[in-house]
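# Chains, contacts and geometry: an overview
Listed below, chain by chain, are the residues.
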Amino acid sequence: MFPRLGLGLGLRPPHFPRVTAGPCPGVDWFEVITENFMVAGGNPRRVLRAVREGYPVVLHGVSLSIGSVDPLDEAYLDALATLCAEIEPAIVSDHLCWSSLGGHTVHDLWPLPYTAEVIDHVVARVAHVQERLGRRILLENPSSYVVFEGGELGEGELLAEIAGRADCGILLDVNNVWVSCRNHGWDPRRYLDALPADRIGQIHLAGHSHEGALLIDTHDHPVCDDVWALYGEAVRRFGPVSTCIERDDRIPPFDELVAELQLARDAVALRETA
Amino acid sequence: MTRLAALQRQFHDAITGRSSLATAQGLVRDDGIQPLDRLQVYAHAYFVRIRDALAAEYPKLAAVLGDDGFTALVARYLDSYPTRHPSLRDAGMLLPRFLSEEHGWRVGALWQADLAKLERARTEVFDGPDALPLRRFDLAALAPEAFPGLLLRLVPSSAVVPIASNADEVWSAIEDGTTVPFTAAGPRILLAWRRELAVIHRTLGEDEGHLVKRLRDGVTFAELCAGLMDRSDAVDHALTLVLGWLDAEILAST
């Protein structure tokens, strides 16, 4: 249902010179933050076009606000459709969250309650987005630090129900599963149990930080051993799904991230030899 | 209002400081970690993410104000102008206007607004529309009789920035690692533009500043000369200006 792209990296500005200088062995594709390229021109668009000439590109958004009770932002969807038409991304994704209310954009990924009302609400909005873009999108499980009272099901079940009813895919962020499970006392393997294998269109890996009793999804560290172990479990269950590493702070040299990506390649190879 | 709408309103207002964080405690499951501590993660992330984005967009202003001063400014700004754009790039687009509005009651606000205007202009120029610049060889191919009708227009990735202070000197001093105090230097006009991928700005003389403002809408060479008719060397002066603009790549190829 979704392309198997191999192993990729989240592309960030410090690595623009490297990726535009020539081929990047060890990297099969690149993911970019959609909103950073919704600009008229200049270096961001030049880099994106150059990367797209050599690699599949995945657009990963942070401001779709699919769970908000605000109307969907049609101007945003127009800009996204225009970018898709130009770049022809292999995958388009955003988060199962809300990030705006009353026209106020908060630039964060706020959690949704796990209720039937939310399922109905999000399913209808995903249908609108997919119709507007003429393609399936993926929704990512965000890291969360609160669970709202009145939940009727688990987060994995919510994601699975929405994906099935809306006919969209799931971007499984393994680090976010680990962070949310630790923060809420859930079992990460039971979380994975709830997910339908045929809906998993992409996997994210990242690092996190500790703050008191909570784990925070900071993307400022290498992927930790616990998350690598959970990734191995995910690959065993879901197969060699397109996987990328995200790093947004304390960004290391490009080759260091490529070396980290090799660990993901090893996990996929292990699954194939098992 | 649906249950989801009510929950989002209450959560939003608590996290963004419109109501006390404690008002959202009842929304959140209490499972051993204080709900207030959990909510604080979101409140902290909301503010810090936007403040850090604005500090990256306005590095010189942040340097002038210092960490505490800049943080306080961002808090006041977000109270007046909550972000309404999907991209963090545009979270600070109204900061210059907000600083101008603080002019009536806060010393230095107007001059800081000048610095913010310059920094915002540079941001918008950085990823503005692409365009080919007009070059000397384009003019070499022009028949002499076509010269008066030659349309002169600024490249689209450019901004004319009028200021009342020496904010341009303050910007340069910070860039060079030194300091210059703000002064009321009188009206000045700055031009920011993108040449290839580099963002450039320069301070224009009074005459050139007025002419460059006209270049935003486009002006023919004949009209440019007509605007200089109080000079005896109007045509020569216009030609000198145009050649300088061509070399700086501030004119768009038509």
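What you are looking at is a predicted structure, and each value in this text was computed from that prediction instead of being measured. (Residues numbered from 1 in each chain as written. Chains lettered and ligands numbered in written order. Predicted model: local features only at pLDDT ≥ 70, side-chain atom pairs only at ≥ 80, totals over all residues. Heavy atoms only, no water.)

### A short note on the packing of aromatic side chains
Test applied: Each pair of aromatic rings taken from Phe, Tyr and Trp, with Trp reduced to its six-membered ring, is defined by centres within 6.5 Å and is described as stacked if the planes are under 30 degrees apart, edge-to-face if over 60, and tilted in the remaining cases. In DSSP terms, a helix is any run of H or I states spanning at least four residues, a strand is any run of E spanning at least two, and both are numbered starting from the N terminus. Working definition: with a 1.4 Å probe on protein chains only, accessible area under 20% of the residue-type maximum means buried, over 50% means exposed, and in between means partly exposed. Either the NZ atom of lysine or the CZ atom of arginine qualifies as a charge over a ring when it sits within 6 Å of the ring centre and within 35 degrees of the ring normal.
Per the counting criterion, the structure on display carries 17 aromatic pairs over all chains. The interplanar angle of 85 degrees and the centroid separation of 6.3 Å between the aromatic rings of Tyr81 of chain B and Phe98 of chain B together place this pair among those described as edge-to-face. In this pair, Tyr81 of chain B sits in the loop between helix H3 (59–80) and helix H4 (95–101) while Phe98 of chain B sits in helix H4, placing the two residues 17 residues apart along the sequence. Take Phe98 of chain B: its relative accessible area is 5%, and that puts it in the buried class. An aromatic cluster of at least three residues, connected via ring pairs, comprises Trp98, Trp110, Tyr145 and Phe148 of chain A together with Phe11 and Tyr42 of chain B. Positioned above the aromatic ring of Trp171 of chain B, the side-chain terminus of Lys60 of chain B is 4.4 Å from the ring centre.

### Thoughts on the pairing of strand S8 (residues 169–173) of chain A
All names here are of chain A. The following threshold applies: DSSP calls a pair of strands paired once it identifies at least 2 bridges connecting them. Think of it like this: strands point away, you trace from the first strand over the helix to the second, and a clockwise trace means the crossover is right-handed.
Among the five residues of S8, five are classified as buried, and the element is accordingly described as predominantly covered. Burial along S8 is two-sided: Gly169, Leu171 and Asp173 and Ile170 and Leu172, pointing in opposite directions, are all buried. Sheet topology places strand S7 (residues 138–140) next to S8; three bridges connect them, and they run parallel. The partner of Glu140 across the bridge, within S8, is Leu171. Read from S7 through helix H5 (residues 155–166) to S8, the crossover connection turns out right-handed. Pairing of S8 with strand S9 (residues 200–205) involves four bridges; the strand directions are parallel. Residue Leu172 lies in a different strand from S9, and its bridge partner there is Ile203.

### Observations concerning the nonpolar core
For the record, the criterion: What is meant by a nonpolar core is a set of buried Ala, Val, Leu, Ile, Met, Phe, Trp, Tyr and Cys residues, joined one to another through side-chain atoms within 4.5 Å. In this description, contact between two residues means that some pair of their heavy atoms is separated by no more than 4.5 Å.
Formed by 132 residues in total, the largest nonpolar core has its most connected members in Phe30, Leu172 and Tyr231 of chain A together with Phe11 of chain B. Filtering out sequence-adjacent residues up to four positions away, Phe30 of chain A remains in contact with Leu9, Leu11, Val19, Cys24, Val51, Tyr55, Pro56, Val57, Val58 and Phe254 of chain A. Of all hydrophobic cores here, the second largest spans 30 residues; its members include Leu139, Ile189, Val219 and Ala234 of chain B.

### With respect to the sheet that holds strand S3 (residues 188–195) of chain B
All names here are of chain B. Quick reminder of the rule: Between N-to-C directions, angles span 0 to 180 degrees; the directions come from axes that are lines fitted to C-alpha atoms, helices contributing only their stretch in contact.
Here we have three strands laid out as an open sheet, ordered S2-S3-S4, and antiparallel in their pairing. In this open sheet, the two edge strands, each paired with only one partner strand, are strand S2 (158–163) and strand S4 (198–204). Shown here is a sheet whose adjacent strand axes are inclined to one another by a mean of 20 degrees, direction ignored. As paired elements, S2 and S3 share six bridges and run antiparallel to each other. In the strand pairing of S3, Val161 is matched with Leu190. Each of S2, S3 and S4 is contacted by helix H8 (residues 206–215), which is oriented at about 125 degrees to S4, the strand it contacts most.

### Quick notes on the confidence of the model for chain B
Heads up, the rule is: The quantity known as pLDDT measures the predictor's confidence residue by residue, on a range of 0 to 100.
Of the residues in chain B, 100% have a pLDDT of 70 or more, and the chain-wide mean is 94. Scored as a whole, the predicted complex attains pTM 0.95, and scored at its interfaces, ipTM 0.96.

### Description of the interface of chain A and chain B
The condition is simple: The term buried area denotes the loss of accessible surface (1.4 Å probe radius) that occurs when two parts are joined, taken as the sum for both partners. Only one rule defines a salt bridge in this text: a Lys or Arg side-chain nitrogen within 4 Å of an Asp or Glu carboxyl oxygen. The classification used treats Ala, Val, Leu, Ile, Met, Phe, Trp, Tyr, Cys and Pro as nonpolar, Asp, Glu, Lys and Arg as charged, and all other residues, Gly among them, as polar.
Across the boundary between the two partners, chain A contributes 48 residues, which contact 44 residues of chain B. Taken together, both faces of the contact between chain A and chain B bury some 3,800 Å²; the carbon and sulfur share is 61%. It is His104, His107 and Trp110 of chain A in chain A that bury the most area against chain B; as a group they hold 18% of the surface buried on that side. For the pair chain A and chain B, the number of links is two salt bridges. With a closest N to O distance of 3.2 Å, Arg49 of chain B and Asp108 of chain A form a salt bridge. When contributions to the side of chain A that touches chain B are tallied by element, the ones reaching two or more residues are helix H2 (42–54), strand S5 (98–101), strand S6 (104–110), helix H4 (116–133), helix H6 (174–184) and strand S11 (214–216) of chain A. Residue classes in the side of chain A that touches chain B are distributed as 21 nonpolar, 19 polar and eight charged.

### A few points about the pattern of salt bridges
Between side chains of opposite charge, pairing is possible as soon as their charged atoms come close. Residue and element names in this part refer to chain B. Inspection of every chain in the model, using the stated rule, returns 34 salt bridges over all chains. Note that Arg120 is salt-bridged to Asp90, the shortest N-O span being 2.9 Å. With Arg120 in helix H5 (residues 109–126) and Asp90 in the loop between H3 and H4, the pair connects residues that are 30 residues apart, well separated along the chain. Given the relative accessible area of 5%, Arg120 is considered buried.

### Looking at the sheet that holds strand S1 (residues 7–10) of chain A
All names here are of chain A. In spatial order, the strands read S1-S2-S3-S4-S7-S8-S9-S12; together these eight strands close into a barrel with parallel pairing. Averaged over all pairs of adjacent strands, the angle between their axes in this sheet comes to 25 degrees, without regard to strand direction. Packing of helix H3 (residues 74–87) onto the sheet brings it into contact with strand S3 (57–60) and strand S4 (91–95), and relative to S3 it is tilted by some 175 degrees.

### What about the packing of H5 of chain B against helix H7 (residues 167–175) of chain B?
All names here are of chain B. Heads up, the rule is: Roughly parallel means an angle under 35 degrees; roughly antiparallel, over 145; roughly perpendicular, 65 to 115; everything else is oblique. Here is the rule for handedness: rotate from the far helix to the near one, and if that takes an anticlockwise turn smaller than a right angle the crossing is left-handed, while a clockwise turn gives right-handed.
Packing of H5 against H7 leaves a shortest axis separation of 9 Å and a crossing angle of 65 degrees. By the angle between their axes, H5 is roughly perpendicular relative to H7. In this structure, H5 meets H7 at a crossing whose hand is right-handed. Between H5 and H7, the contacting residues are Trp111, Asp114, Leu115, Leu118, Glu119 and Arg122 on the first element and Ala167, Asp168, Val170 and Trp171 on the second. For the contact of H5 with H7, the per-class residue count stands at six nonpolar, no polar and four charged.

### Some points on the environment of Asp168 of chain B
Residues and elements named next belong to chain B. Mapping Asp168 onto the fold places it in helix H7. A relative accessible area of 5% places Asp168 in the buried class. Along the backbone, Asp168 and Leu142 are 26 residues apart, and their C-alpha atoms lie at a distance of 37 Å. Excluding residues that lie within four positions of it along the chain, Asp168 makes contacts with Leu118, Ile163, Arg188, Leu190 and Thr203.

### Details of the side chain of Glu57 of chain B
Relative to the assigned elements, Glu57 of chain B resides in helix H2 (residues 35–57). Discounting residues that sit within four places of it in the chain, Glu57 of chain B has contacts with Arg89, Gly92, Glu119, Arg120 and Thr123 of chain B.

### A short note on unusual backbone geometry
Residues and elements named next belong to chain A. Not every positive phi belongs to a glycine, and His107 is a case in point at roughly 55 degrees. Structurally, the position occupied by His107 is in strand S6. At Arg250, a position not held by glycine, the phi torsion is positive, near 45 degrees. By the element assignment, Arg250 lies in the loop between strand S12 (243–245) and helix H9 (254–273).

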